[in-house]
Amino acid sequence: MIETIKQHVAGLLTEKKIAGFLGLIEKNGHVAPHLFKDGESLAGFTLGDRKTAGDARYPLNKTLVTLSRAYPEETFGVLVRGCDERGLYGLFRLNQLTEDRVIPVGFSCPAELSEACECRKPYPDSLVAGEKTESSQLKKVAEMDGKDLARRFDFWTAQFVKCVKCYGCRDVCPMCFCKECSLECEDLVAKGDLPVEVPVFHLTRAMHMADRCVDCGLCDEACPSDIPLRLLYKKTAQIMDTDYGFTSGLNKNERSPLSQMGPAK
Amino acid sequence: MLDFTGIEKERLRARWVSSAEAPEFVEEVNAFIDTLKELGPSPLKAAVEAKKEEQKEAPA
Amino acid sequence: MEYKTTLTTCTYCGCGCNFYLETLDGKLTNTIPCKTSPVNEGKLCIKGWNVHQFVQNDRRLKKPLLRKGGELVEVEWEEALAYTADRLKAVTAEKGGDAVGFLASAKVTNEENYLLQKFARAAIGTNNVDHCARL
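Residues numbered from 1 in each chain as written. Chains lettered and ligands numbered in written order. Predicted model: local features only at pLDDT ≥ 70, side-chain atom pairs only at ≥ 80, totals over all residues.

### A look at the overall build of chain A
Helix and strand counts for chain A stand at ten helices and six strands. For chain A, whose C-alpha radius of gyration is 19 Å, the value lies close to the compact-globule estimate of 18 Å for 265 residues. Viewed in the frame of its principal axes, chain A has a C-alpha envelope of about 60 × 40 × 35 Å. Scored against the burial criterion, the 265 residues of chain A give a buried share of 44%. (Helix = DSSP H or I, 4+ residues; strand = E, 2+ residues; numbered from the N terminus. Rg over C-alpha atoms; globule rule 2.2 N^0.38 Å. Buried ≥ 20, exposed ≤ 12 C-beta atoms within 10 Å, placed from the backbone.)

Here it is as structure tokens:
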């Protein structure tokens, strides 16, 4: 799989279709984001799989936004999984990236990873290598919904109270790009207070993620308190889907119901 | 989302009332107050305090 | 176009979390926790997440400050060191070594911290040594 991607990227670079390819590199015994600039230098290129598949993923789209803000005229290639591509579509929709300035190079996730993520679409449209897999969805959400109100209350209060307010979930999120963040607005979130206001702090973020979250799970992995944030955002996504038939980044060019006037479809 | 995190969804109500409809507004607020009285105080505050104490006793 | 990620260790405390500092054309743009680091496993605290912000900040102090007439004034290192040495001598001569204390920093090397405590204990004669990262 990796060789096919390498060849594809080398082609893009030598044909000068892209100014650089944003991917991952094996460096100093670690996996790091890297901008590959010529086809020859693809040694060390990796897909971010270490002990298990996808355990060394990075928010490449976030870096891509930084890059294209500095070089708006250049076209970049970027390594994407299904979730990353949903992120790209979301960022096109929210005017943070220009579609014709980005060439996604996609690969699919193995069944084991798709299942662990309960991924809606574990393969990108721009599939260069890998097989399409399917997975069961919203299993963990259904499990949570199955518990009674008191049990849910107990569970989430215990989770939210662990928060150390590191803002890691926001900082790692490829869909968080706002210059002013509600979570830093002192009228909403008291500065220097711990624990955060339960459940307001986390639900505020969940609300803001409603039409953005592409379910990449990086927030879950970045949380030092192991709060199951992904489960929370999966629920918001489920509500968006059942009430409005919208899933962030699932279809290119689809507009968010939250930015449209008129009755729900 | 409140429901998902275990808080009675009856505790939140959003309704549009025109500024010209004062009686309707009063009725709405009174009805909400009645609902809240029925529900009683939220267990949230006490639960957060209790969890905080638990954390102090057994640091992760 | 020069995009680089540099693997480094957090300077804020003794945990030693690893992260990448992202630079674009020589300017720091972001901090990304290292997923494969056995120390922090892709997680960081709020200080770590914002570590790139102080390095090239306009408000960062680049020269020593000396309080003159109640106000902090920027001075040259020569003057600051001479003043410090004078005061250290004066205070220790009058009231002994325990009248002063030393605060070390996580933002310098181990060797420099070693030197500081050695200086405190051997030259000044006090055990009043502490460190900002003593968690």
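### A few points about the interface of chain A and chain C
Taken together, the 28 residues of chain A in the interface contact 20 residues of chain C. When residues of the side of chain A that touches chain C are assigned to their parent elements, the largest contribution, six residues, is made by strand 2 (residues 30-36) of chain A. (Contact = placed C-beta atoms within 7 Å.)

### Digging into the domain arrangement of chain A
All names here are of chain A. Annotation of chain A at the domain level lists domain 1 (2-129) and domain 2 (139-258). Between the C-alpha centres of domain 1 and domain 2 the distance comes to 25 Å. Listed per partner, the contact involves 18 residues of domain 1 and 19 residues of domain 2. Elements that contribute at least two residues to the side of domain 1 that touches domain 2 include exactly helix 2 (60-70) and helix 3 (82-93). Top element by residues in the side of domain 1 that touches domain 2 is helix 3. It accounts for seven residues. (Domains from an automatic or database assignment.)

### What about the arrangement of the chains?
Here the protein chains form two pairs of chains in contact, of which the pair with the most contacts is chains A and C. The two units chain B and chain C remain apart, with a minimum C-alpha distance of 15 Å.

### As for the packing of helix 5 (residues 139-146) of chain A against helix 10 (residues 229-244) of chain A
Describing two packed helices takes the angle between their axes plus the distance from one axis to the other. Residue and element names in this part refer to chain A. Packing of helix 5 against helix 10 leaves a shortest axis separation of 9 Å and a crossing angle of 90°. Accordingly, the angle class assigned to the pair helix 5 and helix 10 is roughly perpendicular. Across from Lys 140, Val 141 and Met 144 in helix 5, the residues of helix 10 making contact are Leu 231, Lys 234, Lys 235 and Gln 238. Across the contact of helix 5 with helix 10, the residue classes break down as three nonpolar, one polar and three charged. (Axes fitted to C-alpha atoms, helices over the stretch in contact; angles between N-to-C directions. Parallel < 35°, antiparallel > 145°, perpendicular 65-115°, else oblique. Nonpolar A, V, L, I, M, F, W, Y, C, P; charged D, E, K, R; others polar.)

### Remarks on the pairing of strand 4 (residues 65-68) of chain C
Residue and element names in this part refer to chain C. Sheet topology places strand 4 next to strand 5 (residues 71-74); four bridges connect them, and they run antiparallel. Paired with Leu 65 across the bridge in strand 5 is Glu 74. With antiparallel pairing between neighbouring strands as the criterion, strand 4 and strand 5 make up a hairpin whose turn holds two residues, including Gly 69 at a positive phi of roughly 60°. (Pairing = 2+ DSSP bridges.)

### Some points on the interface of chain A and chain B
At the junction of the two partners, chain A supplies 18 residues and chain B supplies twelve residues. Put simply, the parts of the chain that give the side of chain A that touches chain B at least two residues each are helix 6 (149-160), helix 8 (200-209) and helix 10 of chain A. Considering each element in turn, the side of chain A that touches chain B owes the most residues, nine residues, to helix 6 of chain A. Each residue belonging to the side of chain A that touches chain B can be placed in one class, and the counts come to 13 nonpolar, two polar and three charged.

### Looking at the confidence of the model for chain C
Of the residues in chain C, 99% reach a pLDDT of 70 or more, and the chain-wide mean stands at 90. Between the elements of chain C, mean pLDDT differs from a low of 88, seen in helix 2 (residues 52-55) of chain C, to a high of 94, seen in helix 3 (residues 77-95) of chain C. (pLDDT = per-residue confidence, 0-100.)

### Focus: the sheet that holds strand 1 (residues 3-9) of chain C
Residue and element names in this part refer to chain C. A sheet is described by the order of its strands in space; here three strands give the open sequence 1-2-3, paired in antiparallel fashion. Edge positions in the sheet fall to strand 1 and strand 3 (27-33), since each has one partner strand and no second. Averaged over all neighbouring strand pairs, the angle between strand axes comes to 25°, with direction disregarded. As judged from the six bridges shared by strand 2 (residues 18-24) and strand 3, these two strands associate in the antiparallel manner.

### Considerations on the environment of B:Lys45
Its location among the elements puts B:Lys45 in helix 2 (residues 44-57). In the structure, B:Lys45 is positioned 36 residues away from B:Lys9 in sequence and 17 Å away in space, judged by C-alpha atoms.

### Examining the domain arrangement of chain C
According to the domain assignment, chain C contains domain 1 (3-55) and domain 2 (65-131). Distance from the C-alpha centre of domain 1 of chain C to the C-alpha centre of domain 2 of chain C: 30 Å.

### Here's the deal with unusual backbone geometry
Residue and element names in this part refer to chain A. Cis geometry is found at the peptide bond from Val 198 to Pro 199, where omega equals -5°. Assignment of secondary structure puts Pro 199 in the loop between helix 7 (168-172) and helix 8. In this structure, Leu 138 takes a positive phi of about 55° despite not being glycine. Its location among the elements puts Leu 138 in the loop between strand 6 (127-129) and helix 5. The class for Leu 138 is partly exposed, based on 17 C-beta atoms found within 10 Å. Here the phi dihedral of Asn 253 falls at roughly 70°; this positive angle occurs in a residue that is not glycine. Judged by the 8 C-beta atoms lying within 10 Å of it, Asn 253 falls in the exposed class.

### A short note on helix 8 of chain A
Inspection of helix 8 of chain A places A:Phe201, A:His202, A:Leu203, A:Arg205, A:Ala206 and A:Met209 among the buried residues, and these make up the whole buried set. The secondary structure elements touched by the buried residues of helix 8 of chain A are helix 6, helix 7 and helix 10 of chain A.

### Some remarks on the packing of helix 2 of chain A against helix 3 of chain A
Residue and element names in this part refer to chain A. For the pair helix 2 and helix 3, the least separation of the axes is 10 Å and the interaxial angle reads 35°. Considering only the axes of helix 2 and helix 3, their crossing is right-handed. Across from Leu 60, Asn 61 and Val 65 in helix 2, the residues of helix 3 making contact are Asp 84, Gly 87, Leu 88 and Leu 91. In terms of residue class, the contact of helix 2 with helix 3 is made up of four nonpolar, two polar and one charged. (Left-handed = near helix turned anticlockwise from the far one by under 90°.)

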